[in-house]
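Survey of secondary and tertiary structure
Chain by chain, the residues run as shown.
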Amino acid sequence: MASPEDVIEPVAQSSAAQKLGRRRFMHDTQNLSPDEIDGLMSSSEGRPFLVVHHLPELKEEGVPFLMPGTPITCRVDNTEKYTTRSKVHVGTLYTVRLTHGHFHWTVKRKYKHFQELHRDLYKHKMMIHLLPLGRFSKDRQQLRAMSEEMPSLHGTERTRRTSSKMKYLEEYLNGLLENVFCRNDHSMLEFLSVGALSFVTDLGPKGLEGPISKRSGGHRIQGLNCIGHHQICFRWSRRWLVVKDSFLLYMNRDNGSINFVLLFDPEFKVKVGRAHTDTKYGVCIENFARSLIIKCSSYRQTHWWSHEINRFAGTCDFLKVQRFCGFAPPRENMLTKWYVNGSGYFADLADALEQAKEEIFITDWWLSPEVFLKRPATDNYWRLDHILKRKAEQGVKVCVMLYKEVEMALGINSEHSKRTLMNMHPNIKVMRHPDHVSSVVFLWAHHEKMVAIDQTVAFVGGIDLAFGRWDNSQYRLTDLGLKEKADEALKPDTVDNGVAEGQKPSEPDKQAEQDPGDLTGNTKLWLGKDYSNFIRKDWVQLDRPFEDNIDRTQVPRMPWRDLSAAVHGRAARDVARHFIQRWNFTKIFKNKYKDDFYPYLLPKSHCTADNLTYTVPGSTKAKVQVLRSADRWSTGTCESSILNAYIHTIENSEHYIYIENQFFISCADGKTVHNGIGDAIVERILRAHREQKKYRVFVVVPLLPGFEGDISAGGGNAIQAILHFTYRTMCRGEHSILSRLREVKDQWTEYISLCGLRTHAQLSQSIVTELIYVHSKTLIADDRCYIIGSANINDRSMLGSRDSEMAVFVEDEERVPSVMGGEEYQAGPLTLALRKECFRVLVGASSDPSINIEDPISDDFFFLAWNAAAKQNAIIYDQVFKCLPYNTVHSMRVLKEYSSEERLCDTDPEKAAEELKGIRGLLVHYPLRFLCEENLLPPLATKEGMAPVGLWT
């Protein structure tokens, strides 16, 4: 195998040409340079966080645990009496308070511990004198630097006077600590309860530390605990326990490696006694994922450990169940920023990645290493894999978690993504999860899309770092590489798409035939597989990323609409903590990740979260809560806080809600669908109707599900299955929203609008149209709060027991004057700007200043600017293109006839272009009557029909 120092460029190869069972780098073998070691130990303010990733190297180099040049002082200020085992003698316990830089901690020691320390130091000193070994050379230098003999612990009158004994022990200990040889001795460090992680500033206060014996097992993970595991199949190991303010860990003191990390959560408990531990002097430490049993040396030490762990963990936010039954509380005054479309998101993410100094965490449903974050790309500098490689070479630890797909069902090729990244540098670690057979998880997916940088800034939302996701508000259908189009791409992403005029005819430039490795002069925005229309043809051969998937001279691309958010500080710490929990959980679960190449990750303390090293430009302060959907299979815990937040927000909204989502499958019946988002919408509309108050619901979803299929022939079973459950939610069957609004009769149109998005352009002398694929997962309410995340409105995303998801709930804390229902209104500035950005593009206000979007619930806006435009646009698109899906197509027979009709765009392009000038914005009404006479559920004899219903819902 080649040496880790080799520089390897990921070359597109067929998967068959690779040895998939082997990875390029097996160990972190990069040695730290003297300058790097100095940088990790020189600060008097505490050790930098990178120390946690270099513990074995620092142990091997003999780097002292205490900070050089920083004094350590002690004060013995209290005594306690305790009864010895004989119950005859009464012993004295001394409280020793220690200070080292800005770190403060307390240990309790008996007089015999002082005696043992003195003896061990004396033995070490004699050994150095008597054994002239090379490994003692540094110790001999420190010993020669001693200005006088070691302080004596024996033979003075003072030791017999108990009243002055504390003062004497204090002077004795301070005398030892003034000498480098004594204070860095192993015995002294154990006496002081000091370890390699004691003074890492970003891990918070020093915490509680000490040697313990721990019992193996106790993991609450399916498949890991055999019958009798806790009683029979365990072993005891000597470890060093470290308790911090939001987690504890144990590590191997001999080699410096971390062996396990236990995060505090609402299930965290500390129990003492044989009844809970099956051992004498045992302590049981539990959280949702593990029951860890440690063994102490005495009854007193057992209770000291349990008391101090509870005391130290008592202030941790993660011990409580938070609002919406979530793991993280609302964080006030957090810097945050929203993104509509991928262009601004990718650009800010690229800049943030460039600022990474310690860690980069990435988890995606799909990740394309070759995706460009800034466009048009004229070189590879802003290509994702090149960015990550560049940071890894700078010493940043890059940890990536990918969903391991069922390859027969999905073609996202996570194996290619993993192999490409892992072959670049040993600082890049990639895990895939789940293993479907061993975890018995076949239907559910890891669906989060998040990036955390140095646990200080994080990006959360619906946008994978993958092909097809980059877009802006122009939603181009073509990309043939003309210069003027690239120039347009660089304009601020706040303008309308200008579809009313259509795009000019264009011809492909020579770049299409050039080597994709040479990007000099490139003007294309979407290279190779990035130019996509996945309903026409799904992605294939992703290990050939720069070969076009479709003919861009004939087939329009499908625009991609999506939202994401950036958060900072404590909210970013919460996002990172979720990633760390998943990473450590996967490391335990999968045998191939148990080696030291995949490290345990540690969450930074929230007490240093406000020290921001980088902020995303344009961020604004608001209240932010991190939400998630999680289950035992995915994260080792259970949570459905996203669903709870959606329902709470809908129920408590006063004026409107705006939903933009990839799916709209809801309305619980207790059998096939279980999430209650649709039910909350119904109840809120009925309440408004009974109270005779104005209330609006805006719903925007994709016109077709994102599966490959020819809709003119019915679309295929997968498309029809999703359409079935979408229509079941909207308008068909007794559980649908419109069916349950019988009380309002035909007035439902005053309360709710259901829309999709469509645009058009000119491609190779022909006028073309395509739906805009809505991939967003967003809820906006009352111009005061919003939710952006990865969770679709369906059971898969919302229940928590299925797909894993992440979202942020943002509430404005400030107010600005606005208008609501024709009256003055105090809106939140961040939410108001987001709602206006969405509405401006959708209704065409960017190109038509006469369209007023200030008041979202006024009759003028709701009926004219929104609904009338959506109705008129749908009619025009039908006249020009015979678009599908469409309202008048009720059956497969009509569909066949409709698809064979001549289209105006083909028979009279000039008239078609004239008609298209009437298009305003992007909205079209969702075709509620499409195929209403057909049963859209897959036939039972098909593979889709044999799949569990939960696959679609």
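Note that the coordinates shown come from a computational prediction; the quantities given were computed from them, not determined experimentally. (Residues numbered from 1 in each chain as written. Predicted model: local features only at pLDDT ≥ 70, side-chain atom pairs only at ≥ 80, totals over all residues. Heavy atoms only, no water.)

To continue, consider the overall build of the protein chain. Within the protein chain, the regular secondary structure consists of 26 helices and 31 strands. Across the 953 residues that make up the protein chain, the buried fraction comes to 60%. The contacts in the protein chain between residues at least 6 apart in sequence include a share of 73% that link residues at least 24 apart. Within the structure as shown, the protein chain displays about 37,800 Å² of accessible surface, and the carbon and sulfur contribution to it stands at 50%. (Helix = DSSP H or I, 4+ residues; strand = E, 2+ residues; numbered from the N terminus. Buried < 20%, exposed > 50% of the residue type's maximum accessible area, 1.4 Å probe, protein only. Contact = heavy atoms within 4.5 Å. Areas by Shrake-Rupley, 256 points an atom, 1.4 Å probe, with all protein chains shown as cover.)

Counting across every chain of the model gives 44 aromatic pairs. Note on Phe839 and Trp866: the rings are 5.0 Å apart at their centroids and 55° apart in plane angle, and the pair reads as tilted. With Phe839 in helix α21 (residues 829–843) and Trp866 in helix α22 (residues 859–881), this residue pair connects regions lying 27 residues apart in the sequence. On the basis of relative accessible area, Phe839 is assigned to the buried category, the value being 0%. Between Lys165 and the ring centre of Tyr111, over which it is positioned, the NZ or CZ distance is 3.9 Å. Seen from the ring of Tyr877, Arg758 lies directly overhead, with NZ or CZ sitting 6.0 Å from the centre. (Phe/Tyr/Trp six-rings, centres within 6.5 Å; stacked < 30°, edge-to-face > 60°. Lys NZ or Arg CZ within 6 Å of the ring centre and 35° of its normal.)

Turning to the pairing of strand β29 (residues 816–820), a few remarks are in order. Examined bridge by bridge, β29 and strand β30 (residues 823–827) share five bridges and lie antiparallel to one another. By the bridge assignment, Val816 is partnered in β30 with Ala827. Here β29 folds back onto β30, and the loop between the two strands holds two residues, one of which, Gly821, carries a positive phi near 65°. (Pairing = 2+ DSSP bridges.)

This part takes up helix α18 (residues 717–730). For α18, spanning 14 residues, the distance from its first C-alpha to its last is 20 Å, which sits close to the expected 20 Å at 1.5 Å a residue. Counting buried positions over the 14 residues of α18 gives 12, a clear majority of the element. Within α18, burial applies to Ala718, Ile719, Gln720, Ala721, Ile722, Leu723, Phe725, Thr726, Tyr727, Arg728, Thr729 and Met730. The inward-facing, buried residues of α18 abut α19 (737–740), β23 (752–763), α23 (892–900) and α26 (943–946). (Expected span 1.5 Å × (residues − 1).)

Attention now goes to unusual backbone geometry. In this structure, the amide linkage connecting Arg375 to the following residue, Pro376, adopts the cis form with an omega of -5°. Checked against the element boundaries, Pro376 lands in the loop between β12 (359–364) and α11 (384–393). Despite not being glycine, Asn333 shows a phi value in the positive range, around 60°. Of note, Gln765 is a non-glycine position whose phi angle comes to about 70°, a positive value. By relative accessible area, which is 53% here, Gln765 ends up exposed.

To continue, consider the side chain of Glu170. You can see Glu170 is positioned in helix α5 (residues 162–177). Residue classification places Glu170 among the buried residues on the basis of a relative accessible area of 13%.

Before going further, it helps to examine the pairing of strand β21 (residues 656–661). Most of β21 sits out of view: six of its six residues are buried. Alternating positions in β21 separate into two faces, Tyr656, Tyr658 and Glu660 on one and Ile657, Ile659 and Asn661 on the other, with burial throughout. Sheet topology places β21 next to strand β26 (residues 777–781); five bridges connect them, and they run antiparallel. Bridging across to β26, Asn661 finds its partner in Lys777.

So, about the packing of helix α10 (residues 342–354) against α11. Where α10 contacts α11, the two axes come as close as 10 Å, and the packing angle between them is 15°. What the angle tells us is that α10 and α11 run roughly parallel. Crossing of α10 against α11: the hand is left-handed. Within the contact between the two elements, α10 uses Ala350, Leu353 and Glu354 and α11 uses Leu384, Ile387, Arg390 and Lys391. When grouped by side-chain class, the residues that make up the contact of α10 with α11 number four nonpolar, no polar and three charged. (Axes fitted to C-alpha atoms, helices over the stretch in contact; angles between N-to-C directions. Parallel < 35°, antiparallel > 145°, perpendicular 65-115°, else oblique. Left-handed = near helix turned anticlockwise from the far one by under 90°. Nonpolar A, V, L, I, M, F, W, Y, C, P; charged D, E, K, R; others polar.)

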